[in-house]
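Read off the chains here:
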Amino acid sequence: MNLRATPFHARAAESNRGNDWRTRNGFTLARIYSDAADEALAARTRACLADISWRWRVMLEGARAGEFLSRLATRDASKLEPGRALKALWLTDGGAVRGAAAIARYGKESFLLVSAGEDCDWITSAASRFDVAVRDISESEGGLALIGPYADAVLQEAGLDSALEPLALRKIFWRGLDITLSRFGEHGGFEIWCASDDGMIVWDRLMRAGASFGLQPAGTDAMDILDLEAGIARP
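If you're wondering where the values come from, they're calculated on a predicted model, not measured in any experiment.

(A) The side chain of D51, seen in detail. Here D51 shows up in strand β4 (residues 47-51). In terms of polar contacts, D51 uses its side chain to reach the side chain of T6, at 2.5 Å. Leave out the neighbours within four places in its chain, and D51 touches T6, F8, L29, G143 and L144.

Okay, structure coming up:
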């Protein structure tokens, strides 16, 4: 597997002074910036920023996309309103769990699937029977998770409206950049998705906005601690 850098790699490298890295889904990520326990504590008491660009993301597009997802997953995504999401599993032919994802409706015929584990061949094969196109956007966009009791305040300081319900998303034009703000995570925070070329601008804006709130980057070890606490299943 070829190693890939996320859109935020340059900024992560500046803060990752121990040069401590981990690979997930082929992306190189900072494992620890300073101390995993302290980074996890920041998520509980202040705010932290984590690179989630490694998550597998595909757009499912076509007139029968909703019907396809109602067959693929354990919950009926076809009933979602645009801008809303749900959590669901998809199964093997024998009924065993094969994957878990957040599924969001973008439009009448378009859905986004976000998962910790890639399963492109399986889903593409199934989608072809419904004339649904599967478009991987994992490398064209980057994502940051903003977590902690001051996450709202950081967004507001950055000039972003944080009024967003859990399992919802909203497209925003943010001072010259097109981004998507979502709340798919189990930690009560937000996700900011942007074009790959805009990654470092987005990182810098959020870090500046969060300076007075104690915002700090969190590596994969800290996020693993938080995920275990939240009971999040992993492949």
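So that's the structure; there's more coming.
(B) Structural view of helix α6 (residues 199-210). Taking 1.5 Å per residue as the helical rise, α6 with its twelve residues ought to reach 16 Å, and the 17 Å between its terminal C-alpha atoms agrees with that figure. Buried within α6 we find G199, V202, W203, R205, L206, A209 and G210. Relative to the axis of α6, the buried residues are bounded by an arc of 165° and lie together on one face.

(C) Representation of the sheet that holds strand β12 (residues 177-182) in the model. One open sheet accounts for six strands, arranged β11-β12-β13-β10-β4-β14; its pairing is mixed. Of all the strands in the sheet, the pair left with one neighbour each is β11 (169-174) and β14 (215-217). Adjacent strand axes in the sheet meet at a mean angle of 25°, parallel and antiparallel pairs treated alike. Bridging between β11 and β12 involves six bridges; their strand directions are antiparallel. In the strand pairing of β12, L169 is matched with S182.

(D) Here's a closer look at the pattern of salt bridges. Across all of its chains, the model carries 14 salt bridges by this definition. Between D204 and R11 there is a salt bridge, and its shortest N-O distance comes to 2.7 Å. On the criterion of sequence distance, the pair formed by D204 in helix α6 and R11 in helix α1 (residues 9-15) is long-range, its members being 193 residues apart. Note on D204: relative accessible area 22%, which makes it partly exposed. Of the charged contacts in the structure, one is a salt bridge between E186 and K87, with a shortest N-O distance of 2.6 Å. In this pair, E186 sits in the loop between β12 and β13 (190-195) while K87 sits in strand β6 (residues 85-91), placing the two residues 99 residues apart along the sequence. Of the residues examined, E186 reaches a relative accessible area of 44% and is grouped as partly exposed. In the salt-bridge network here, residues are joined through shared partners; they are D20, R22, R24, R31, D221 and D224.

(E) Seen up close, the packing of aromatic side chains. Under the definition given, this model contains three aromatic pairs. Directly above the aromatic system of F27 lies the positively charged group of R4, at a separation of 4.1 Å from the ring centroid. The side chain of R24 reaches across the aromatic face of W54, ending 5.4 Å from its centre.

(F) Quick peek at the state of the cysteines. One pass over the full model with this rule turns up zero disulfides. C194 forms no disulfide, and the closest cysteine sulfur to it belongs to C48, at a distance of 17 Å. Note on C194: relative accessible area 1%, which makes it buried.

(G) View of the nonpolar core. Membership of the largest hydrophobic core comes to 28 residues, with the highest contact counts inside it found for L146, L155, W174, I179, I192, V202 and L206. The set of elements that each furnish at least two residues to this core consists of β4, β10 (141-147), α5 (151-157), β11, β12, β13 and α6. The element best represented in this core is α6, accounting for four residues. Not counting the four nearest positions on each side in its chain, L146 is found in contact with C48, L49, A151, V154, L155, G189, F190, I192 and L215. If you look at the next biggest cluster of nonpolar residues, it comprises 21 residues, including L80, A101, I123 and F130.

(H) Broad picture of the packing of helix α2 (residues 36-45) against helix α7 (residues 220-230). One can describe the packing of α2 onto α7 by two numbers: an axis separation of 8 Å at closest approach and a directional angle of 55°. As judged from the angle between their axes, α2 and α7 are oblique. For the crossing formed where α2 meets α7, the hand is right-handed. Residue-level contacts link A36, E39, A40, A43 and R44 of α2 to D221, A222, I225, L226 and E229 of α7. A breakdown of the residues in the contact of α2 with α7 according to their chemical character gives six nonpolar, no polar and four charged.

What counts and how
Residues numbered from 1 in each chain as written. Predicted model: local features only at pLDDT ≥ 70, side-chain atom pairs only at ≥ 80, totals over all residues. Heavy atoms only, no water. Helix = DSSP H or I, 4+ residues; strand = E, 2+ residues; numbered from the N terminus. Polar contact = N/O pair within 3.5 Å; in protein donor to acceptor, adjacent residues only side chain to side chain. Contact = heavy atoms within 4.5 Å. Expected span 1.5 Å × (residues − 1). Buried < 20%, exposed > 50% of the residue type's maximum accessible area, 1.4 Å probe, protein only. Arc of directions from axis to C-beta. Pairing = 2+ DSSP bridges. Axes fitted to C-alpha atoms, helices over the stretch in contact; angles between N-to-C directions. Salt bridge = Lys/Arg side-chain N within 4 Å of Asp/Glu carboxyl O. Phe/Tyr/Trp six-rings, centres within 6.5 Å; stacked < 30°, edge-to-face > 60°. Lys NZ or Arg CZ within 6 Å of the ring centre and 35° of its normal. Disulfide = S-S within 2.5 Å. Core = buried A, V, L, I, M, F, W, Y, C linked by side-chain atoms within 4.5 Å. Parallel < 35°, antiparallel > 145°, perpendicular 65-115°, else oblique. Left-handed = near helix turned anticlockwise from the far one by under 90°. Nonpolar A, V, L, I, M, F, W, Y, C, P; charged D, E, K, R; others polar.

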